Amino acid sequence: MIAPDKIKKLAVLLDPDDTGNSDFEGLISLADECRVDYFLVGGSTTFIKPGELISGIKKITSVPVYIFPGNLLQLDPCADGILLLSLISGRNPELLIGNHVVAAPQLKKMGVDIVPVGYILVSSGVRSSVEYMSQTEAIPAGKKDIAVATAMAGELLGLKMIYLEAGSGAEYPVPADMIAAVKNNTSIPLIAGGGLRTAADVSRAYSAGADIVVLGNGLAENPALLSEACSIRDSINKKGPA
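Residues numbered from 1 in each chain as written. Predicted model: local features only at pLDDT ≥ 70, side-chain atom pairs only at ≥ 80, totals over all residues. Heavy atoms only, no water.

Colleague: A description of the nonpolar core should follow, citing residues and the corresponding values.
Modeller: Ranked by size, the top nonpolar core spans 58 residues in total, and within it Leu10, Val36, Phe39, Ile179, Val213, Leu215 and Leu226 carry the most contacts. Looking at which element gives the most residues to this core, the answer is helix α9 (residues 225-239), with 5 residues. Formed by 20 residues, the second largest nonpolar core is a distinct cluster that contains Leu85, Val117, Ile191 and Val214. (Core = buried A, V, L, I, M, F, W, Y, C linked by side-chain atoms within 4.5 Å. Buried < 20%, exposed > 50% of the residue type's maximum accessible area, 1.4 Å probe, protein only. Helix = DSSP H or I, 4+ residues; strand = E, 2+ residues; numbered from the N terminus.)

Following this line, the structure appears as structure tokens:
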């Protein structure tokens, strides 16, 4: 299960579309060396099935691989699990329940860990790929009360995790005060991702209350961020709960 068990965890997000543009084997090996907790595979614009990438990851490391699906083509039984995302910040019925109904029979047969996640898009200075593809608006970064109420609704509906997402290519990450407000008003694990480019960004996300921090595009710009983020995670976990 992907739940963090009261310790901070780190995930690396890999997009199958980018496998030909980056040193994925090197990144996966480094992630294994740094002891990242999870790989997430998927993206909002990719239509490439993730099986080949997942198999490649599993040849290098035993780190669990979870699908981060942007569409129904991204389901694959070779993954360890799936984040079953419900875009609760938007009002697109297909991404709230429609796609889930279509996928349910296949998901049931796959026999992998399925984690229902309340996915909340937060404005990040630019219109993200997720916003465009989902045809929804992100919650303004300054409206933490809306994010809190949305997250609370997700928990009351039975979702098992909340994911605060600034989006791929975000100019800045989800504000720390929004992360803190959501954490203080919910009791399920909280994920934060998007726009995390520096060690300071990662530290702020953890300190604000994120249980799992997700690194994606920031690693392409700054590969050293991976080892720095793992060191921050380990330092916080060594100190124990505040």
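Colleague: Please provide a residue-by-residue account of the sheet that holds strand β4 (residues 81-87), values included.
Modeller: Within the closed barrel, the 8 strands sit side by side as β1-β2-β3-β4-β5-β6-β7-β8. Their pairing is parallel. Sheet twist, expressed as the mean angle between neighbouring strand axes with direction ignored, is 30°. Where strand β7 (residues 190-193) lies against strand β8 (residues 212-215), 3 bridges are found, and the strand directions are parallel. Each residue of the ladder has a partner; that of isoleucine 191, found in β8, is isoleucine 212. Lying on the sheet, helix α1 (residues 24-34) is in contact with β1 (9-14) and β2 (38-41); it crosses β1 at an angle near 170°. Taken strand by strand, helix α3 (residues 93-110) contacts β4 and β5 (113-121), and its axis lies near 165° from that of β4. (Pairing = 2+ DSSP bridges. Axes fitted to C-alpha atoms, helices over the stretch in contact; angles between N-to-C directions. Contact = heavy atoms within 4.5 Å.)

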